[in-house]
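Listed below are the residues making up each chain.
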Amino acid sequence: MKIILFSRPLSETHREKIVQIFAAIEQYGFDFTINSEAVPSVERFIGRTIATEKHYGDSVGEITSEAVMVCYGGDGTLLEGVHRLDGNDIPVVGINSGRLGFLALAQSTEIDEVFQQIADNKLLIEKRSMIAVSGNFEGRQQTIYALNEVAVQRLGATMISVDISIDSMPTLTCNGDGVIISTPTGSTAYSLSAGGPIIAPSCRCFVFTFLSPHNLTLRPVVTPDSSTINLTIHTRSNEASISADNRTFAIADGESIEIKIAKRSISLAVSHNISFYESLRNKLMWGVDNR
C-alpha cells in the first residue's frame with residue numbers, strides 16, 4: 001500500500017500531528033510520497049530528509065499500485081490534493097486540521113484510527129461527481145475539472161451578463177456579479193454562502209446559484225447532471241474570471257464555455273459513525289437553540 005500525502009506548508013503548531021502520521025506510516029509498513037511544497041516543514045518536524053524520489057509536483061503521475069491519498073488540512077487542502085491526482089481514481093482521506101469542513105471529515109484526533117482503517121481495507125467510500133468545463137481560458141482551449149463548483153464572476157466594478165442555455169435551450173440571462181454552478185458536494189461550499197440550497201451528496205444534479213443578480217426574479221435552480229450547460233459571458237471590462245474549485249482563470253468578453261458531468265469521479269472516504277445529515281446538524285449547529 002502506498003500513501004500519497006498532501007498538505008500545504010505547515011506551521012510549528014502541526015508538528016505533533018505530522019509526527020503521528022509518519023509514525024503510523026512506519027507502523028504499518030506503508031510506502032509514501034509527498035508533495036514538494038510540504039517537504040521542508042515535514043522534514044523539520046520529523047527530523048530527517050525525505051528522498052527526492054518520494055517527492056511529487058503538480059501531478060502524482062501514474063499510480064500503478066494500491067494507494068490512498070491522505071490530505072492533512074481543511075477542505076481547500078483536500079480540493080487541491082484531488083486536482084494533483086489528475087484522474088487517478090484512488091480513495092481520498094481528509095484529516096481536518098481546520099475549522100468547518102464537509103470534505104475533510106476525519107478529525108486530527110483520529111489519525112491512528114484512519115491509518116488502522118487503511119491497513120484493514122475498511123475505509124468507507126462514497127463516489128463524488130465532478131464537473132468538466134471546456135472553453136478558451138487564458139488564450140487556449142482546454143478542459144478543467146471541479147469537485148465543488150465552477151463560478152463565473154466579474155473582475156471589474158461593473159456587472160457582467162451570463163447567457164445560460166441548458167440542453168441547447170436558451171434559458172436565462174443573469175445580469176449581476178456572476179453565477180455558481182455546483183455539484184451536490186459543492187452545495188455546502190461557495191454556493192451555500194451565496195444563498196444556494198443544501199443538496200445531499202447522493203443526488204445527481206447541478207445547482208445554479210446567482211451572485212447579486214439584477215434580475216430580482218432569479219432564484220437557485222437545480223437541474224439533472226445529465227444536462228449540458230452552455231454559458232456565454234459578456235462584460236464591459238473585456239474580461240471576467242472563471243474559477244474551478246480553488247483555481248482561477250481569465251476569460252475574455254464574448255467567450256462561451258460548456259459544462260458537463262465529468263467522466264472522472266472522486267472516491268471520498270467518509271465517516272463510519274456520522275451521516276451527512278448528522279454532520280449538517282453538528283457543523284451548522286441546527287441542534288442549538290439560539291432564541
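**Student:** Please clarify how the pattern of salt bridges should be interpreted in this entry.
**Tutor:** Side chains carrying opposite charge are able to pair once their charged atoms draw close together. With the rule as written, the count across this model stands at 11 salt bridges. Note that Asp177 and Arg154 form a salt bridge whose closest N and O atoms lie 2.8 Å from each other. Separated by 23 residues along the polypeptide, Asp177 in the loop between strand E11 (169-176) and strand E12 (178-182) and Arg154 in strand E9 (residues 149-154) bring together distant segments of the chain. Its relative accessible area of 22% is what places Asp177 among the partly exposed residues. Notably, a salt bridge pairs Lys260 with Glu258, separated by 4.0 Å at the nearest N-O pair.

**Student:** What am I meant to see in helix H1 (residues 15-27) here?
**Tutor:** Residues separated by three or four positions in an α-helix point in the same direction, a consequence of the helix having 3.6 residues per turn. When the terminal C-alpha atoms of H1 are compared, their 18 Å separation across 13 residues agrees well with the 18 Å that a helix rising 1.5 Å per residue should span. Among all positions of H1, only Lys17, Ile18, Ile21, Phe22, Ala24 and Ile25 are buried. What you see down the axis of H1 is that its buried residues fit within an arc of 155°, all on one side. Along H1, exposed side chains directed more than 90 degrees from the buried face belong to Glu16, Glu26 and Gln27. Next to the buried residues of H1 lie strand E1 (2-7), strand E2 (31-35), helix H2 (39-46), strand E4 (67-73), strand E5 (91-96) and helix H4 (111-119).

**Student:** In this structure, what is going on with the environment of Trp286? I would like to understand it.
**Tutor:** The residue Trp286 is located in the segment after helix H6 (276-283) in this model. For Trp286, the residues in contact, after removing those within four places along its chain, are Ile198, Leu280 and Arg281.

**Student:** In this structure, what is going on with the sheet that holds E12? I would like to understand it.
**Tutor:** Within a sheet, each strand pairs with its neighbour through backbone hydrogen bonds, oriented either parallel or antiparallel. Spatially, E14-E13-E12-E9-E16-E17 is the arrangement adopted by the 6 strands of the open sheet, whose pairing is antiparallel. Of all the strands in the sheet, just strand E14 (221-224) and strand E17 (247-252) have a single pairing partner and so form its edges. For this sheet, the mean inter-axis angle between neighbouring strands, taken without regard to orientation, is 20°. Of the strand pairs in this sheet, E12 and strand E13 (residues 205-211) are connected by 5 bridges, and their pairing is antiparallel. By the bridge assignment for E13, Gly178 is matched with Leu211.

**Student:** Got a minute to help me understand the packing of aromatic side chains in this structure?
**Tutor:** Within a pair of aromatic rings, the relevant descriptors are the distance that separates the centres and the angle that separates the planes. One pass over the full model with this rule turns up 5 aromatic pairs. Plain terms: the ring middles of Tyr28 and Phe30 are 5.7 Å apart, the flat faces sit at 25° to each other, and that makes the pair stacked. Given the relative accessible area of 25%, Tyr28 is considered partly exposed. For Phe30, a relative accessible area of 11% gives the class buried.

**Student:** Explain unusual backbone geometry here, please?
**Tutor:** Generally, phi is negative for residues other than glycine and the peptide bonds are trans, each holding for most cases. Phi angles above zero are rare outside glycine, and Asn121 is one such case at about 55°. Inspection of the secondary structure assignment puts Asn121 in the loop between H4 and strand E7 (124-137). Given a relative accessible area of 69%, Asn121 falls into the exposed group. At Ser212, a position not held by glycine, the phi torsion is positive, near 45°. Residue class for Ser212 comes out partly exposed when judged on its relative accessible area of 48%.

**Student:** I would appreciate a short explanation of the packing of H1 against H4 in the present structure.
**Tutor:** The angle between the axes and the distance between the axes are what describe a pair of packed helices. Two numbers describe how H1 lies on H4: the axes approach to 10 Å, and their chain directions differ by 25°. One way to sum up the angle between H1 and H4 is to call them roughly parallel. Seen from above, H1 lies across H4 with right-handed handedness. Residues Lys17, Gln20, Ile21, Ala24 and Ile25 of H1 form the contact with H4, whose own contacting residues are Ile111, Asp112 and Phe115. Across the contact of H1 with H4, the residue classes tally to 5 nonpolar, 1 polar and 2 charged.

**Student:** Would you take a moment to explain the environment of Ala262 for this structure?
**Tutor:** Looking at the element boundaries, Ala262 is found in strand E18 (residues 256-270). Taking the C-alpha atoms as reference points, Ala262 and Arg236, separated by 26 residues in sequence, lie 31 Å from one another. Those residues in contact with Ala262 that sit more than four places away from it in its chain are Met130, Ile131, Ala132 and Tyr145.

Conventions we followed
- Residues numbered from 1 in each chain as written.
- Predicted model: local features only at pLDDT ≥ 70, side-chain atom pairs only at ≥ 80, totals over all residues.
- Heavy atoms only, no water.
- Salt bridge = Lys/Arg side-chain N within 4 Å of Asp/Glu carboxyl O.
- Helix = DSSP H or I, 4+ residues; strand = E, 2+ residues; numbered from the N terminus.
- Buried < 20%, exposed > 50% of the residue type's maximum accessible area, 1.4 Å probe, protein only.
- Expected span 1.5 Å × (residues − 1).
- Arc of directions from axis to C-beta.
- Contact = heavy atoms within 4.5 Å.
- Pairing = 2+ DSSP bridges.
- Axes fitted to C-alpha atoms, helices over the stretch in contact; angles between N-to-C directions.
- Phe/Tyr/Trp six-rings, centres within 6.5 Å; stacked < 30°, edge-to-face > 60°.
- Parallel < 35°, antiparallel > 145°, perpendicular 65-115°, else oblique.
- Left-handed = near helix turned anticlockwise from the far one by under 90°.
- Nonpolar A, V, L, I, M, F, W, Y, C, P; charged D, E, K, R; others polar.

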